[in-house]
Amino acid sequence: MKSFLTFLVSLALACCCHAQSSSIAPQYLRCEWQVNPAGIDAVHPHFSWELSAVQADARGLRQTAYEIQAGEWDSGKVLSPEIFQVPYAGKALAPGTRYSWKVRVWDGNDQPSAWSQSAEFVTGQLRAENWKAHWIAASPDEPMKSQALENRGEVRKSMPPLPIFRREFEVTRKVRQALVFVSGLGHYELHINGMALTDRLLAPGWTNYRKRVFYNTYDVSDRVKKGKNALGVLLGSGMYDVPGIEGRYTKFIGSFGQPKLILELHLRYDDGSEVVIASDKSWTTAPGPITFSSTYGGEDYDARAEQAGWDKPGFKDSGWKDAVEVNGPGGALTAEVSPPIRVTHTYEPVKTTQPRPGVTVYDMGQNFSGWPEITVRGKAGSSVKLISGELLDADGLVSQHSADASPKREQSYSYTLKGGDETWHPRFSYWGFRYVQVESGAEIVSLSGKFLHDDVETAGQFHTSDTLFERIHQLIDMAVLSNMFSVLTDCPHREKLGWLEQTYLAGSSILLNHDGISLYQKMAQDIRDSQLPDGMVPGIAPEYVAFVDKNGVSTVFRDSPEWGSASILSPWAAYQFYGDRALLAEQYESMRAYAAYLKSKAKDHILDYGLGDWYDIGPGPPGESQLTSKAVTATATYYADLSVLGEIAAVLDKPEDARTYSEEATQVKNAFNRLLFHADTGQYDRGSQTANAMPLALGMVPAGQEEAVLNHLVEDIRRHENHVTAGDIGFHFVVRALTDHGRSDVLYDMLSRTDSPSYGYQLARGATALTEAWDTNPDSSQNHFMLGHGQEWFVRGLVGIRVEVDRPAAERIRIQPNPVGGIESASASYHSVLGEVRSEWKQQAGKFTLKVSVPVGSVATVEVPGRNPTESGKAFSTATPVGSGEYEFSSELN
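From a predicted model like this one, the values you see are computed outputs, not experimental measurements.

Quick notes on the rules
- Residues numbered from 1 in each chain as written.
- Predicted model: local features only at pLDDT ≥ 70, side-chain atom pairs only at ≥ 80, totals over all residues.
- Heavy atoms only, no water.
- Helix = DSSP H or I, 4+ residues; strand = E, 2+ residues; numbered from the N terminus.
- Rg over C-alpha atoms; globule rule 2.2 N^0.38 Å.
- Buried < 20%, exposed > 50% of the residue type's maximum accessible area, 1.4 Å probe, protein only.
- Contact = heavy atoms within 4.5 Å.
- Areas by Shrake-Rupley, 256 points an atom, 1.4 Å probe, with all protein chains shown as cover.
- Lys, Arg positive; Asp, Glu negative; His and termini not counted.
- Charge placed at Lys NZ, Arg CZ, Asp CG, Glu CD.
- 1 Å grid on protein atoms, 1.4 Å probe; cavity = no way out; pocket = protein on both sides within 12 Å on 5 of 7 lines; lining within 4 Å.
- Points joined across faces, edges and corners; volume = space filled by probe spheres on them.
- Nonpolar A, V, L, I, M, F, W, Y, C, P; charged D, E, K, R; others polar.
- pLDDT = per-residue confidence, 0-100.
- Phe/Tyr/Trp six-rings, centres within 6.5 Å; stacked < 30°, edge-to-face > 60°.
- Lys NZ or Arg CZ within 6 Å of the ring centre and 35° of its normal.
- Salt bridge = Lys/Arg side-chain N within 4 Å of Asp/Glu carboxyl O.
- Pairing = 2+ DSSP bridges.
- Axes fitted to C-alpha atoms, helices over the stretch in contact; angles between N-to-C directions.
- Parallel < 35°, antiparallel > 145°, perpendicular 65-115°, else oblique.
- Left-handed = near helix turned anticlockwise from the far one by under 90°.
- Polar contact = N/O pair within 3.5 Å; in protein donor to acceptor, adjacent residues only side chain to side chain.
- Expected span 1.5 Å × (residues − 1).

Colleague: Describe the overall build of the protein, naming the residues involved and giving the relevant values.
Modeller: Secondary structure assignment for the protein yields 16 helices and 49 strands. For 894 residues, the compact-globule formula gives about 29 Å, and the C-alpha radius of gyration of the protein, at 29 Å, lands near that figure. On the principal axes, the C-alpha backbone points of the protein span a range of 90 × 85 × 55 Å. Classification of the 894 residues of the protein by burial places 59% in the buried group. In the protein, of all internal contacts separated by at least 6 residues, the share reaching a separation of at least 24 is 74%. Summed over all atoms, the accessible surface of the protein reaches about 34300 Å², with 49% contributed by carbon and sulfur. Taking the average place of the 84 positive charges on the side chains of the protein and the average place of its 109 negative ones, the gap between the two points comes to 4 Å.

Right, here's the structure in full:
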């Protein structure tokens, strides 16, 4: 009896304790969208977290309040459901300091959770005046002829070896914290005591160096030791210095100056004192083993020029010379926000051939961005030449034709041995390739391919029983990743330029799969830094080369509304996924300036210039728009700009601006319809897919005419046997219009094609990354993501996950699957700022089942296709909001 009573008391206590404990807990803490970031310049950083359920099967959980402790600041209990972008509101942060922070939350029953595990952030220099270091170089700066973004130069026979730098220092006491702040232009590699410091590659990221120069922060507390230490730095050219060298490919020739370095090492001792080791004329420099480096032309390395121990203490540098203090390129030193570039995968050869004596071609089986790595064996002075490319020619040799290079102006790598077994890869140059041609005077022990890109976290997964769609998903995603290099490049070889239209048109395809907010923040900076005084935004940012005619007048490649509008539409695309008001606020004046510029170019509210629907499929070769009038794409994009600006103004609490832009948008829409809509036939312009899809997707169609326009769009697709004719601009709107207007069946038919033009045709032709032209034209790039909008439909349309953080909380998540064709199953997950959203459906024998996961703190509207929907066996009213938790729905399809 006693034991039974003890059991009842224990049970009662357990129930009581459970009733008083929180049902939710905070997890995945981030500061400025990063986990434990090192080196942030934000004086009021923002905090984000996610919520987990204490009991896995719980439903309908929510946060009602939070409390943050960061350093000495305590927010106190704040009544709010917010879980992302909560600003720090404590006293001013100190530069170069590590801060801990944590959060706890209250649930719907007003019960507090335990404190989260502590997270950290390290502040950078915060302000320009905090820098004590000087820029240093190997020689005095030459006077620059111009302060323009591009300084054209002559083609030379060679370039001097890239410099290396070193500095010894002594640690006399126990170090509590050691931080390095460093930037090397164009790129750098930092060593401490004989070891490369980090796996961050091609750092810092590309910028307009006249306006902004990134620096990076590293915690090296575990690298410095008591006694003698040494710092060593190698420099590379990057986009900062693009040489013109005979026989080597380059897109353009331009320079912001000679390679240079700035660095500070802050040693904070246990007694609280601090010593700063700064770059100045006390450093020494010498020519390094990199004898040629170009982001376009490749890299040459002579291992015989290595100086053993140059980056270690005790090295005798009597043959070195003093570094020279020089001016920086002009840009403000800013903590880098974009993700680090890293090696994310290694490809091994799937096949080797010998098309000629002494020539071996390695097939890596995949087209990707990066560099080859070799292990070689041979005598000192023997050399290896590597030529990489996307395709093979008729003789089985590597062709660089798709990248606009050739044997007379090639991209190549060269390595000269010091003697023995040696492993090498380029440091400061990369290329897009599948094949590597090796001409060697040494034995090749091994060769592999290193896949490089921004190391973004995976945010989404997609799977389906349709193997073609799975392969298309991989095809597009490979091109997306291959073009993530601190900007979204057009291709990883020929141009490597940040063409802007893809940042917003492909925004959903990118952000549904990858955590790209830091990249989008960085690209917004690039746009601001590239904007001209009159408000015009060039088609590329950073603008390393200005596309002007012989009189200096901008061509359509520099000034096209569909491209420049990324200044408004790209930050907005990111805001819809992340709800980052700070990004909109930082970009707002730039947005206003660009809208004013377009207004000055408009005639009666119509814009009629630019590239139009680039690379659409018409009777002629691809290029400027053929099937759609430029007034359609330019003016519809202008309307989108004004509509979005009105919404942004409302978000930023600027009601007068919101009203003004909304009124201007209405005027543009009315003018657009007067000029381009044919009410008698119910279609726009010349009836192309792009002409009808853009106004339909953007909400420009006169009320009551939407069905007619949609029918014309579908008719044109059917008339082309379910093939696309839209190009770079229009295809995004074709996908969006059909998805949003319930015609996933049409998209299924389009994406299922395997004849030209289609994704399936590219796969059938052997493409392993999305190509520039729909028909895999070998004259065009074989690794381009500008036509990757089908990716968006896989998640938003087929699986039905729609997350729009810019909407009211009750409308942010919608699950609306579309079972089409013969697909038996499809699933996707998206790790949003609200938490992970999952949708998985199957259809079999007339029965449809749908499993859904809604993150804690959120609600979702679920639309179950079919008749008599149920949830866990109970009748369910479709399109009814459900709270957080796991759900399983069923319905009848026949």
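Colleague: Tell me about empty space enclosed by the protein, and please be specific about residues and values.
Modeller: By rolling a water-sized probe across the atoms, one finds the places where empty space is left. In the structure shown here, the tally under the stated rule is four cavities of 30 Å³ or more. In this structure, the largest cavity occupies an estimated 70 Å³ of space. In this structure, the largest cavity is lined by N722, H723, V724, F731, M750, L751, R753, P757, S758, Y759 and W774. Classifying every residue of the lining of the largest cavity by side-chain character gives seven nonpolar, three polar and one charged.

Colleague: Account for the confidence of the model for the protein, with residues named and values stated.
Modeller: Chain-level statistics for the protein give a pLDDT mean of 95 and a share of 97% at 70 or above. For the stretch residues 1-19, pLDDT sits under 50, and the model shows two contacts to residues farther than four places along the chain or on other chains.

Colleague: Could you give an account of the packing of aromatic side chains, naming the residues involved and the relevant values?
Modeller: The full count for this structure, using the stated rule, is 45 aromatic pairs. Seen from their ring centres, F462 and F794 are 4.8 Å apart, and the 15° between their planes marks the pair as stacked. Here F794 lies in helix α16 (residues 790-799) and F462 lies in strand β37 (residues 460-464), a separation of 332 residues in the sequence. Taken together through their ring pairs, the aromatic side chains of F462, F469, Y748, W793 and F794 make up a single cluster. For R173, the ring lying beneath its charged end belongs to Y269, and the centroid distance is 4.1 Å. A cation over a ring is seen here: K601 above Y609, with NZ or CZ 4.9 Å from the ring centre.

Colleague: How would you explain the pattern of salt bridges if you had to name every residue and give the values?
Modeller: Considering all chains together, one arrives at 51 salt bridges under this definition. Among the ionic pairs, R342 bridges to D455, the shortest N-O distance being 3.0 Å. With a gap of 113 residues between them, R342 in strand β27 (residues 341-347) and D455 in the loop between β36 (443-454) and β37 connect regions that are remote in the sequence. Since its relative accessible area comes to 24%, R342 is described here as partly exposed. For D455, a relative accessible area of 32% corresponds to the partly exposed category. One continuous salt-bridge network, built from bridges that share partners, spans R736, D740, E792, R796 and R802.

Colleague: Give me the sheet that holds strand β47 (residues 874-875): which residues, what numbers.
Modeller: With antiparallel pairing, seven strands are arranged side by side in an open sheet as β37-β42-β43-β44-β49-β46-β47. Every interior strand has two partners, whereas the edge strands, β37 and β47, have only one. Pairing of strand β43 (residues 835-844) with strand β44 (residues 847-854) involves seven bridges; the strand directions are antiparallel. Opposite Q843, over in β44, you have F848 as the bridge partner. Contacts from α16 reach β37, β42 (825-832) and β43, with the element oriented near 110° to β42.

Colleague: Please provide a residue-by-residue account of the packing of helix α9 (residues 630-651) against helix α10 (residues 655-676), values included.
Modeller: Their axes nearest at 8 Å, the elements α9 and α10 cross at an angle of 160°. On the basis of the axis angle, α9 is roughly antiparallel to α10. In the crossing of α9 with α10, the sense of the turn from one axis to the other is left-handed. Contact residues: α9 offers A631, V632, T635, A636, Y638, Y639, L642, S643, L645, G646, A649 and A650, while α10 offers D657, A658, Y661, E664, A665, V668, K669, F672 and L676. Grouping the constituent residues of the contact of α9 with α10 by class yields 15 nonpolar, three polar and three charged.

Colleague: Break down the environment of Y684 for me, citing the residues and quoting the values.
Modeller: Its place among the elements puts Y684 in strand β39 (residues 683-684). Along the primary structure Y684 and H712 are separated by 28 residues, whereas in three dimensions their C-alpha atoms are 9.3 Å apart. Other than its neighbours up to four places away in sequence, Y684 contacts F672, N673, L676, F677, H678, A691, N692, P695, M700, V701, P702 and V709.

Colleague: Lay out the layout of surface pockets with the relevant residues and their values.
Modeller: Looking at the second largest pocket, its volume works out to about 990 Å³. If you trace the second largest pocket, you find 34 residues lining it, with W572, Q576, A697, R736 and E804 closest to the centre. Among the residues forming the lining of the second largest pocket, the class breakdown is 16 nonpolar, six polar and 12 charged.

Colleague: Provide a residue-level description of the sheet that holds strand β11 (residues 163-171), including the pertinent values.
Modeller: Working definition: the strands of a sheet are paired by backbone hydrogen bonds and lie parallel or antiparallel to each other. Here six strands make up an open sheet; going across it, the order is β14-β13-β16-β11-β21-β24 and the pairing antiparallel. Lying at the two open borders of the sheet, with one neighbouring strand each, are β14 (195-196) and β24 (321-322). Summarising the sheet, β11 and strand β21 (residues 284-287) pair through four bridges and their orientation is antiparallel. Directly across from R166, in β21, lies its bridge partner T284.

Colleague: Give a detailed account of unusual backbone geometry, specifying residues and quantitative values.
Modeller: Residue G186 follows L185 across a cis peptide bond; omega there is -5°. Residues A541 and P542 are joined by a peptide bond in cis, for which omega reads -5°. A positive phi angle is found at E32, which is not glycine, with a value near 50°. By secondary structure assignment, the location of E32 is in the loop between β1 (24-31) and β2 (38-40). When its relative accessible area of 17% is taken as the criterion, E32 is described as buried. Despite not being glycine, N193 has its phi angle at roughly 50°, a positive value. Note on placement: N193 falls in the loop between β13 (187-192) and β14.

Colleague: Just give me the short version of the side chain of E772, but keep the residues and values in it.
Modeller: Summarising the element assignment, E772 is placed in the loop between α15 (759-764) and α16. Engagement of the side chain of E772 in a polar contact is seen with the side chain of R494, the distance being 3.1 Å. Aside from chain neighbours lying at most four places away, what touches E772 is R494, Y615, S780, S781, H784, M786 and L787.

Colleague: If you had to explain helix α5 (residues 517-530) to someone new, which residues and values would you point to?
Modeller: Here α5 is 14 residues long and its end C-alpha atoms lie 20 Å apart, about the 20 Å a rise of 1.5 Å per residue gives. Among the 14 residues that make up α5, 13 are buried, leaving the element largely enclosed by the rest of the structure.

Colleague: Provide a residue-level description of helix α11 (residues 689-698), including the pertinent values.
Modeller: By the criterion of burial, α11 is predominantly enclosed, with eight of the 10 residues buried. Of all the positions in α11, only Q689, T690, A691, N692, A693, M694, P695 and L696 are classed as buried.

Colleague: An account of the environment of S890 is requested, with residue identities and associated values reported.
Modeller: As for its position among the elements, S890 is in strand β49 (residues 885-892). The sequence separation of S890 and T284 amounts to 606 residues, and the corresponding C-alpha distance is 72 Å. If we skip the residues at most four places from it in the chain, S890 touches K847, F848, T849, V864, N868, P869 and T870.

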